[in-house]
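Remarks on the overall topology
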Amino acid sequence: MLKNSTKLIHDGTVVATDVLRQDYILLSVRADDRPRFEPGQFMMIRLSDGYDPFLLRPFSILDEHDGVYRFLIKVVGKGTRAVRNFRYGRRVFLTGPFGNGFPRGAGHDTVVVAGGAGIASVFSLVQKLHERGTPYKLMYGARTEDELVLSNLLKPYDPAISTDDGSKGHHGKLTDLLAKGIEHTKTVFACGPLPMLAAVKAVTSRRGIECYVSLEARMACGFGVCLGCTIFDAKGNTRRVCKEGPVFDAKEVNLSGIH
Ligand SMILES: Cc1cc2nc3c(=O)[nH]c(=O)nc-3n(C[C@H](O)[C@H](O)[C@H](O)COP(=O)(O)OP(=O)(O)OC[C@H]3O[C@@H](n4cnc5c(N)ncnc54)[C@H](O)[C@@H]3O)c2cc1C
Ligand code: FES
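Quantities reported herein were computed from a predicted structural model and do not represent experimental measurements. (Residues numbered from 1 in each chain as written. Chains lettered and ligands numbered in written order. Predicted model: local features only at pLDDT ≥ 70, side-chain atom pairs only at ≥ 80, totals over all residues. Heavy atoms only, no water.)

Right, let's talk about the domain arrangement of the protein chain for a bit. According to the domain assignment, the protein chain consists of domain 1 (4-98) and domain 2 (110-257). Each of domain 1 and domain 2 has a C-alpha centre, and these two points are 21 Å apart. Of the residues lining the interface, 23 residues belong to domain 1; the matching set on domain 2 comes to 23 residues. Across the interface of domain 1 and domain 2, roughly 1,900 Å² is buried in total on both sides, 65% from carbon and sulfur atoms. Three residues stand out in domain 1 for area buried against domain 2, namely R21, P39 and L62, and they jointly supply 27% of the buried area on that side. Joining domain 1 to domain 2, the criterion identifies 2 salt bridges. (Domains from an automatic or database assignment. Contact = heavy atoms within 4.5 Å. Buried area = accessible area lost by both parts, 1.4 Å probe. Salt bridge = Lys/Arg side-chain N within 4 Å of Asp/Glu carboxyl O.)

Looking now at the sheet that holds strand β18 (residues 247-249). Spatial ordering of the open sheet is given by β13-β12-β11-β10-β14-β15-β18, a layout of 7 strands whose pairing is mixed. Each edge of the sheet is formed by a strand with only one pairing partner; in this case those strands are β13 (170-171) and β18. Summarising the sheet, strand β10 (residues 110-115) and strand β14 (residues 187-191) pair through 5 bridges and their orientation is parallel. Residue V112 lies in a different strand from β14, and its bridge partner there is F189. Running over the sheet, helix α2 (residues 119-132) touches β10, β11 (136-142), β14 and β15 (210-214) and is turned about 150 degrees from β10. Of the strands in this sheet, β10, β14 and β15 touch helix α5 (residues 194-206), which is tilted by about 170 degrees from β14. (Pairing = 2+ DSSP bridges. Helix = DSSP H or I, 4+ residues; strand = E, 2+ residues; numbered from the N terminus. Axes fitted to C-alpha atoms, helices over the stretch in contact; angles between N-to-C directions.)

Take a look at the structure:
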C-alpha cells in the first residue's frame, strides 16, 4: 500500500472516466504516490498533451480510496472538454493539493450546503463528518433533478434535496431549506454559484451563525505566485483564492464584488 506523500508534483494514470450526463464527468486517477489532502483542497490538472490549454486547471478533490483520486468535472470549455477523450491508462500530470480546505475542528451542529457542481468541494468533508460520527445535515440543490449528478453517491449521507423546478425534493431555492433547518446550527459550510453563496451568507449572518464558503477563481499557478486568482476581501485587502482560500469565512469576503 502507498504511504501518504507530501510532494506537490505528481503523475498518475486514468483508471476511469464516467460520464454522469453530457456535461459532467467523474474522473478517477491513480496517483503514483499518495498525496495527503484535507477536505476542500484542490489539485491542478494538466488537461492537454500540448500547449492548448497551456495552464493546468483547478479541481476539488472529490475523494480518495487506495490511491485513486476522483474529480467531478463539469465541462465548460476547452480544457474540460478534453477530459471526454481521456481513456483508461492515459498518463496525467497533477500538482497540489493546494489551498486551505475547510477549517478543522468544526464540530457539532454543522450544515453543509452544496449547489450544483459545488458538491465536489464539500463531498469529502461530508464523508469525514460521517466517518467521525459528527452530527451534520447535508443540503444539496440544483436547477433540475437531472443536475443532481451525485445523488446516488450521496444516499448514505441522506441529503435534503431542492430543485428550482420542483422535479425533486423541495420546490425552490436551497436557501429556503437552509433558512428552515438551522435553528441549532453552529456552522455552515457552503460551495456553489456565487448568488447562492451570497444568499447563504445573508441567512447565516442574520442568525449569527458561523459560515465558511468555498470560492472559485481563474487560476494560473495554484500556489500563490501569479496573483491571478486575487479577490478583494470585505476590508478591501487582496486575498489569493488559491492560497488564503479557497475556503473563506463568509464575513471576511465581499461576495458581490467577485466576478
Ligand atoms: C479551487 C477551485 C476548485 C474547483 N473545483 C472544480 C470541480 O471540482 N469541478 C469542476 O467542474 N470545476 C471546478 N472548478 C472550476 C474549474 O477549474 C473550471 O471550470 C475549469 O478550469 C475550466 O477550464 P476550461 O479550460 O474547460 O474552461 P475555459 O475554456 O478556460 O473557460 C470556459 C468558461 O468557464 C469559465 N471559467 C473557467 N475557469 C473558471 C474558474 N476557475 N472559475 C469560474 N469560472 C471559470 C470561463 O470564464 C469561461 O466562461 C474549480 C475552480 C477552483 C478555483
Ligand atoms: S493561482 Fe497563482 S496566485 Fe493564485
